[in-house]
Amino acid sequence: MSQDGAIIGRLGDVPLYGPEGFEGMRRAGRLSAMALDMLAGEVRPGVTTLTLDRLAFEFAGDHGARPANVGYQGYQNTLCTSINHVVCHGIPAERALREGDILNIDITLIVDGWHGDTSRMYAVGEISRKAERLIEVTYESLARGIAAARPGNTTGDIGAAIQSYAERGRTSVVRDFVGHGVGRVYHDAPDIPHFGEPGSGIRLLPGMIFTIEPMINLGRPDVKILADGWTAVTRDRSLSAQCEHSIGITETGCEIFTLSPAGLFKPALGDARP
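Everything in this summary refers to the structure shown in the same document.

On to the pairing of strand 11 (residues 209-212), then. Here strand 11 shows two buried faces, one formed by Ile209 and Thr211 and the other by Phe210 and Ile212. The sheet contact formed by strand 11 and strand 16 (residues 245-249) spans four bridges and is antiparallel. Within the sheet, the bridge partner assigned to Thr211 lies in strand 16 and is Ser246.

Written as structure tokens, this is what we have:
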């Protein structure tokens, strides 16, 4: 038994959480999802990502939470804001959103020591049909991965479900970043690749808590890191999308901790431009 009473066992380096851990993750996950719900009404042409970051920081303070990203390995912002061909870890700045942009916002709020990690896509005004299709494929890929997250399956089953669907949709899966264990620790074991072979990886057991966060590109899967040391972009400048939930493996399947209380996790995609 760990000194942390929420951990009831381990599979190697992977902690297994009991009811206390699941309840802590429910609180943290819900608040992070609420923050992204709040931002849904703020994402529009002319708004800067730095403004969105300030709103998220204020939301965290108003609700007694702490942004996990602030100070993490030198990062200084509450959000990661990734626009168009930015794959992940985009840094909020004075750059104003433009009509037709697609934006991923990634947030992790700490509530009573628990990390609620989630991200979702936002459409800025009317977006192109190719951008709309990319977002649709990305969300369905996440849904397929979550459906494979159940006891007896493996981490490879999750990755294979995501990869097979994404590639059938003529998109590619980023290999450079993976999902991860989460709980009292921001980034923990196990790694959750979003590609792989069925039956590979580690066996899923009740009590495991981790993120699934596929990054899907319209072009090739290759990425590069910019000079700021954080921002990852597609090498071919193709559009990229991501969505993320924190989940826990139960006796019969899994529980999603970061569901949107307002039902806003998936962006509303209206009539898109060709």
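This is not the end of the story, as more comes after the structure.
In this structure the tally under the stated criterion is one cavity of 30 Å³ or more. Its boundaries defined by the atoms lining it, the largest cavity holds a volume of some 30 Å³. In this structure, the largest cavity is lined by Cys80, Ser82, Cys88, His89, Asn104, Asp106 and Gln242. Split into classes, the residues belonging to the lining of the largest cavity amount to two nonpolar, four polar and one charged.

Running from amino to carboxyl end, helix 3 (residues 129-147) crosses helix 4 (residues 155-168) at an angle of 155 degrees, the nearest separation of the two axes being 8 Å. Compared by their axis directions, helix 3 and helix 4 come out roughly antiparallel. The two elements helix 3 and helix 4 meet at a crossing, and its hand is right-handed. On helix 4, the residues touching Val137, Glu140, Ser141, Arg144 and Gly145 of helix 3 are Ile158, Ala161, Ile162, Tyr165, Ala166 and Arg168.

What follows is about the sheet that holds strand 15 (residues 240-242). Two modes of strand pairing occur in sheets, parallel and antiparallel, and in both the strands are linked by backbone hydrogen bonds. Reading across the sheet, the three strands line up as 8-12-15 and stay open at both edges, with antiparallel pairing between neighbours. Only two strands of the sheet have a single partner each, and these edge strands are strand 8 (172-173) and strand 15. Relative to strand 12 (residues 215-217), strand 8 runs antiparallel, the two sharing two bridges. Note that in strand 12 the partner of Ser172 across the bridge is Asn217.

Any two side chains of opposite charge can pair, given that their charged atoms come close. Under the criterion given, the structure shown has 14 salt bridges. A salt bridge links Arg129 to Glu132, with the shortest nitrogen-to-oxygen separation between them at 2.7 Å. One end of the pair is Arg129 and the other is Glu132, both in helix 3 and three residues apart, which spans about a single turn. What makes Glu132 buried here is its relative accessible area of 8%. Members of the salt-bridge network, linked through shared partners, are Glu23, Arg26, Arg27, Asp112 and Glu255.

Here the focus is the sheet that holds strand 13 (residues 223-225). If you trace the three strands from one edge of the open sheet to the other, you get 5-14-13, paired in antiparallel fashion. Of all strands in the sheet, those with a lone pairing partner are strand 5 (86-88) and strand 13, marking the two edges. Across the sheet, the axes of successive neighbouring strands diverge by a mean angle of 40 degrees, strand direction being ignored. Inspection of the sheet shows strand 5 paired to strand 14 (residues 232-234) by two bridges, in the antiparallel sense. Note that in strand 14 the partner of Val86 across the bridge is Val233.

Quick look at the layout of surface pockets now. Rolled over the atoms, a probe as big as a water molecule pinpoints where empty space is left. The volume enclosed by the largest pocket comes to roughly 400 Å³. Lining of the largest pocket is provided by 22 residues; of these, His89, His180, Tyr186, His187 and Glu213 occupy positions nearest its centre. When its residues are assigned to classes, the lining of the largest pocket shows nine nonpolar, seven polar and six charged.

This brings us to the side chain of Thr171. Checked against the element boundaries, Thr171 lands in the loop between helix 4 and strand 8. Overall, the relative accessible area of 6% leaves Thr171 in the buried class. Within the local environment of Thr171, its side chain forms a polar contact with the backbone oxygen of Ala166, the two atoms lying 2.7 Å apart. Leave out the neighbours within four places in its chain, and Thr171 touches Arg133, Leu134, Val137, Ala166, Ile216, Asn217 and Leu218.

In this model helix 4 runs 20 Å from its N-terminal to its C-terminal C-alpha over 14 residues, within 8% of the 20 Å that 1.5 Å per residue would give. Among the 14 residues that make up helix 4, ten are buried, leaving the element largely enclosed by the rest of the structure. Turning to helix 4, its buried residues are Thr155, Gly156, Asp157, Ile158, Gly159, Ala160, Ala161, Ile162, Gln163 and Ala166. In the core, the buried residues of helix 4 are packed alongside helix 3, strand 8, strand 10 (188-192), strand 11 and strand 12. Positive phi appears at Arg170, one or two residues downstream of helix 4, with a value of about 60 degrees.

Rules behind the numbers
Residues numbered from 1 in each chain as written. Predicted model: local features only at pLDDT ≥ 70, side-chain atom pairs only at ≥ 80, totals over all residues. Heavy atoms only, no water. Buried < 20%, exposed > 50% of the residue type's maximum accessible area, 1.4 Å probe, protein only. Helix = DSSP H or I, 4+ residues; strand = E, 2+ residues; numbered from the N terminus. Pairing = 2+ DSSP bridges. 1 Å grid on protein atoms, 1.4 Å probe; cavity = no way out; pocket = protein on both sides within 12 Å on 5 of 7 lines; lining within 4 Å. Points joined across faces, edges and corners; volume = space filled by probe spheres on them. Nonpolar A, V, L, I, M, F, W, Y, C, P; charged D, E, K, R; others polar. Axes fitted to C-alpha atoms, helices over the stretch in contact; angles between N-to-C directions. Parallel < 35°, antiparallel > 145°, perpendicular 65-115°, else oblique. Left-handed = near helix turned anticlockwise from the far one by under 90°. Contact = heavy atoms within 4.5 Å. Salt bridge = Lys/Arg side-chain N within 4 Å of Asp/Glu carboxyl O. Polar contact = N/O pair within 3.5 Å; in protein donor to acceptor, adjacent residues only side chain to side chain. Expected span 1.5 Å × (residues − 1).

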